[in-house]
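Read off the chains here:
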Amino acid sequence: MAYIDCVVDTNPMAAEISSVSNHIKGTTTAVVAMQTAVVLAEQKAADHVCDNVTKGFYALMRSQISQKIAKLQSEVDSHLMQLNAQRKQLLGIKTRMERDYNMISRRYLKLFNGLNQNLKQRVFELDRPTVDFAVREVEKVSNRTKYLTATVPVSQLESLAVSQKIIASNVKFRGLKVINSMTNFLADMSEQKKLTDRILLEKGTVENSTLSVPVVISECNFDKFDSKNIEVAVNNADLNKQTQFAIKNAVNSNIENIEWQASKEINREVKSEFSKYLSGSSGSKRIKDMANKLFMANSYQTIKNGPL
């Protein structure tokens, strides 16, 4: 085997390796800087995400709490309205019970007073002479100076006049008590009779009857979008609240089935009432003329299909 001895120059390779080492050091520095920047970017991104998650969580909790507050507020308002309605009903029941109690107490007071009077008369009848002596004779003897002041045989004119005035005042006072008692008795009997007539039925059978009640239906536009508002007015003088509410519900439920027809002219009674209000108004002549012009130019409609 042949042996060849040769000399190889390694300086270029060493120079290249040295340059590669320098580049590797630069790359290492760049990688470290990039890693540092990546860590900072990740930290900033994590902080941003955490802040947004925390803010969103608090916003969600605030929204849920606001919704619960609104829901509970509406429930409290509804319960408050219900309690107010029940309070009014209880007050009405209390007033009605007080009126019934007073009526029944007066009735039984008269009854027991009558029974006491009858029992007193019966007890007096058991021994009339003794009772007359104990009640009448003894009372006359004890009150002789008061009842017989004007029958003194010897007295002066001044004392006689005073005695007569005392007896006259006593008689007037007793007469006033009798008149007041009769007045109270007659008033109680009249009130009792009216209450009995309202409660009791005159006949044994109940007959159904139909009552016509006038109703005023007004319709108006309250905004520029032609939104209509319908109001129903009934007589509040002769009808109670429950009847008024039932009539309004019946009219509102059948409001869509009502057919209207235009009237040819304004009713004379309506014209007369409007003229009275217009003449009694304190406005100027221009306002009155404009109101009269609008009234005459207005058109009225009446119900075509009769009562509801």
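Residues numbered from 1 in each chain as written. Predicted model: local features only at pLDDT ≥ 70, side-chain atom pairs only at ≥ 80, totals over all residues. Heavy atoms only, no water.

1. Quick notes on the overall build of the protein
To keep things clear, this is the line we draw: Numbering goes from the N terminus for both helices and strands, where a helix is a DSSP run of H or I of at least four residues and a strand is a run of E of at least two. Between buried and exposed lies partly exposed: a residue is buried under 20% and exposed over 50% of the maximum accessible area for its type, with that area taken using a 1.4 Å probe on protein chains only. Any two residues whose heavy atoms approach within 4.5 Å at even a single point are treated as in contact. Only the protein chains shown count as cover for residues, and the accessible areas themselves come from Shrake-Rupley with a 1.4 Å probe.
Scanning the protein from terminus to terminus reveals 7 helices and 4 strands. For the protein, the α and β elements follow one another from N to C terminus as α-α-α-α-β-β-α-β-α-α-β. Within the protein, the proportion of its 308 residues that are buried is 5%. Within the protein, contacts between residues at least 6 apart in sequence are counted, and of these 47% link residues at least 24 apart. Of the roughly 27,800 Å² of accessible surface on the protein, 60% is carried by carbon and sulfur atoms.

2. Some thoughts on the packing of aromatic side chains
Applicable threshold: Stacked, edge-to-face and tilted labels apply to pairs of Phe, Tyr and Trp rings (six-membered ring for Trp) whose centres lie within 6.5 Å, assigned for plane angles under 30 degrees, over 60, and everything in between, in that order.
What the rule picks out here adds up to 3 aromatic pairs. Each ring, one from phenylalanine 57 and one from tyrosine 58, has its centre 5.8 Å from the other, and the planes form 65°; the classification is edge-to-face. What makes tyrosine 58 exposed here is its relative accessible area of 56%.

3. Details of a positive patch on the surface
Inclusion rule: To count toward a patch, a residue needs a relative accessible area above 30% and no salt bridge. Like charges then connect within 9 Å, nonpolar side chains (Val, Leu, Ile, Met, Phe, Trp, Tyr) within 5 Å. We count a salt bridge whenever a side-chain nitrogen from Lys or Arg sits within 4 Å of a carboxyl oxygen from Asp or Glu. Within this scheme the basic residues Lys and Arg register as positive and the acidic residues Asp and Glu register as negative, but His and the chain ends are omitted. One atom stands in for each charge, and that atom is NZ of Lys, CZ of Arg, CG of Asp or CD of Glu.
A cluster of basic residues, Arg96, Arg99, Lys194 and Arg198, forms a positive patch on the protein surface. If you list the elements that add at least two residues to the positive patch, you get α1 (11–126) and α4 (157–199). Structurally, arginine 99 is set in helix α1.

4. What to know about a nonpolar patch on the surface
Taken together, Phe57, Tyr58, Met61, Ile65 and Ile69 make up a surface patch of nonpolar side chains, about 520 Å² in accessible area. Looking at the secondary structure, you find methionine 61 in helix α1.

5. Things to note about the confidence of the model for the protein
Filter applied, for reference: pLDDT is a per-residue confidence score from the predictor, ranging from 0 to 100.
In the predicted model, the protein carries a mean pLDDT of 79, and the fraction of residues at 70 or more is 84%. The secondary-structure element of the protein with the lowest mean pLDDT is helix α3 (residues 144–147), recorded at 59, while α1 shows the highest, at 86.

6. Thoughts on the environment of cysteine 220
Turning to its location among the elements, cysteine 220 is positioned in strand β1 (residues 216–221). Classification of cysteine 220 by relative accessible area gives partly exposed; the value is 38%. Along the sequence, cysteine 220 and isoleucine 230 sit 10 residues apart, while their C-alpha atoms lie 6.7 Å from each other.

7. Digging into the side chain of glutamine 244
Structurally, glutamine 244 is set in helix α5 (residues 241–253). A relative accessible area of 11% means that glutamine 244 is categorised as buried. Discounting chain neighbours no more than four positions away, the residues touching glutamine 244 are Val234, Asn235, Asn236 and Leu239.

8. A look at the pattern of salt bridges
Tallied over the entire structure, the rule returns 3 salt bridges. Lysine 110 is the salt-bridge partner of aspartate 188, the closest N and O atoms lying 3.7 Å from each other. You can see aspartate 188 sitting in helix α4 and its partner lysine 110 sitting in helix α1, a full 78 residues away along the chain. A relative accessible area of 24% places aspartate 188 in the partly exposed class. A relative accessible area of 33% places lysine 110 in the partly exposed class. With a shortest N-O distance of 3.0 Å, aspartate 289 and lysine 285 are connected by a salt bridge. Of the two residues, aspartate 289 and lysine 285 both sit in helix α7 (residues 285–297), 4 residues apart, roughly one turn of that helix. By relative accessible area, which is 41% here, aspartate 289 ends up partly exposed. Relative accessible area serves as the criterion here: at 63%, lysine 285 is assigned to the exposed category.

9. Details of the packing of helix α6 (residues 268–279) against α7
Using the following cut-off: Helix axes are fitted only over the stretch in contact, all axes being lines through C-alpha atoms; the angle between N-to-C directions runs from 0 to 180 degrees. Note on terminology: angles under 35 degrees are roughly parallel, angles over 145 are roughly antiparallel, angles of 65 to 115 are roughly perpendicular, and the others are oblique. For any helix crossing, the convention is left-handed if the near helix is rotated counterclockwise from the far helix by under a right angle, and right-handed if that rotation is clockwise.
Look at α6 against α7: their axes get within 11 Å of each other, and the N-to-C directions meet at 165°. When the interaxial angle is binned, α6 and α7 end up roughly antiparallel. Judged by the sense of rotation from one axis to the other, the crossing of α6 with α7 is right-handed. Residue-level inspection shows Val270, Lys271, Phe274, Leu278 and Ser279 of α6 in contact with α7, the latter providing Lys288, Ala291, Asn292, Phe295 and Met296.

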